[in-house]
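Remarks on the overall topology
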Amino acid sequence: MLGSDISDFSISGTQMQPPPPPPATAEPFRITTNSPQMLDANLTPGRRKLQKWLGRVLRIVITDGRVLVGFFNCTDRDANIVLSMCAEYLVEGQEPRLLGNVMVAKKHIVSLNIDEPRTSTIL
C-alpha cells in the first residue's frame, strides 16, 4: 500500500462561476402570433389571404367526422395544415380532447372554416 494520504493531493486550475440568473421581467403575459405587422405587396392574392389567416381560429372537419379547432399556424405546398392549441371534438356538445399541435393532411380535410372578426357598428 502506498504511504500517501489525501493531504498530498492538490487541484490546480480556475474555478468556474455559474452564469448569472436571467433578469426578472415584469412584462405581462402576451400571446404572440406569427402574423406579420405589415403585408408584403409582392405576394400573390392567395398568399396574402393565407398570411392574413395566420393566428386565426380554424375549424376543420376531417373525413372520419371529427372536428378540429385550433389556431392556424402554417401550411405547405401540398395544402397540409398545422394547427396549434388544437382541440378535437368527436361528438358535438361533448367535452373536447386537447391535442396541442396537429398536422392535418389535405386528403383528410372535408371542410374548413375561419373565424372572421365581426365588424361592430355603432347605432
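Residues numbered from 1 in each chain as written. Predicted model: local features only at pLDDT ≥ 70, side-chain atom pairs only at ≥ 80, totals over all residues. Heavy atoms only, no water.

The protein chain has the name N-alpha-acetyltransferase 38-B, NatC auxiliary subunit isoform X1 in an unreviewed UniProt entry, where Drosophila hydei is given as its organism.

1. With respect to the overall build of the protein chain
For the record, the criterion: Segments assigned H or I by DSSP are reported as helices when at least four residues long, segments assigned E as strands when at least two residues long, and all are numbered from the N terminus. For the exposure calls, accessible area comes from a 1.4 Å probe over protein chains only, and a residue counts as buried if that area is under 20% of its type's maximum, exposed if over 50%, partly exposed in between. Any pair of residues with heavy atoms lying within 4.5 Å of one another is described as a contacting pair. For every accessible area listed, the method is Shrake-Rupley and the probe measures 1.4 Å; residues are considered covered only by the protein chains on display.
Helix and strand content of the protein chain: 1 helix and 5 strands. Expressed as a percentage of its 123 residues, the buried residues of the protein chain come to 17%. Counting contacts in the protein chain only where the partners sit at least 6 residues apart, residues at least 24 apart contribute 31% of the total. For the protein chain, the exposed area adds up to about 10900 Å²; of that, 57% sits on carbon and sulfur atoms.

2. Let's talk about the side chain of Glu 88
Note the threshold: Polar contact criterion, stated in full: a pair of N or O atoms within 3.5 Å, where within protein one must be able to donate a hydrogen and the other to accept it, and residues adjacent in sequence count only if both atoms are side-chain atoms.
Turning to its location among the elements, Glu 88 is positioned in strand β3 (residues 81-89). Judged by relative accessible area, Glu 88 falls into the buried class, the value being 4%. Within the structure, the side chain of Glu 88 is placed 2.6 Å from the side chain of Arg 66, a separation counted as a polar contact. For Glu 88, the contacting residues outside a window of four places in its chain are Arg 66, Val 67, Leu 68, Pro 96, Arg 97 and Leu 99.

3. A short note on the environment of Asp 64
Structurally, Asp 64 can be placed in the loop between β1 (57-62) and β2 (67-75). Within the local environment of Asp 64, its side chain forms a polar contact with the side chain of Arg 66, the two groups lying 2.8 Å apart.

4. Things to note about the sheet that holds β1
The line we're drawing: At least two bridges found by DSSP between two strands are what make those strands a pair. To get an axis, fit a line to the C-alpha atoms, keeping to the stretch in contact for a helix; angles then go from 0 to 180 degrees between the N-to-C directions.
Reading across from one edge, β4-β3-β2-β1-β5 is the order of the 5 strands in this open sheet, with antiparallel pairing throughout. Each edge of the open sheet is held by one strand with a lone partner, namely β4 (97-104) and β5 (109-114). Each strand of the sheet is rotated relative to its neighbour by a mean of 30 degrees, with strand direction disregarded.

5. Description of the pairing of β3
Along any regular strand the residues' side chains alternate between the sheet's two faces. Bridge count for β2 against β3 is 7 bridges, and the pairing is antiparallel. Residue pairing for β3: Val 69 is matched across the bridge by Ala 87. Hairpin connection from β2 to β3: 5 residues lie between these consecutive antiparallel strands, with Ala 79 at a positive phi of about 70 degrees. Direction of pairing for β3 relative to β4: antiparallel, over a ladder of 6 bridges. Bridge assignment links Val 82 to a residue of β4, and that residue is Met 103.

6. Topic: the pattern of salt bridges
Convention followed: For this document, the term salt bridge refers to a Lys or Arg side-chain nitrogen within 4 Å of an Asp or Glu carboxyl oxygen.
All chains considered together, the criterion is met by 3 salt bridges. Across the salt bridge formed by Glu 88 and Arg 66, the nearest N and O atoms sit 2.6 Å from each other. One end of the pair, Glu 88, is in strand β3; the other, Arg 66, is in the loop between β1 and β2, and 22 residues separate them in sequence. Owing to a relative accessible area of 28%, Arg 66 belongs among the partly exposed residues under this scheme. It is possible to trace a salt-bridge network through shared partners that takes in Asp 64, Arg 66, Glu 88 and Arg 97.

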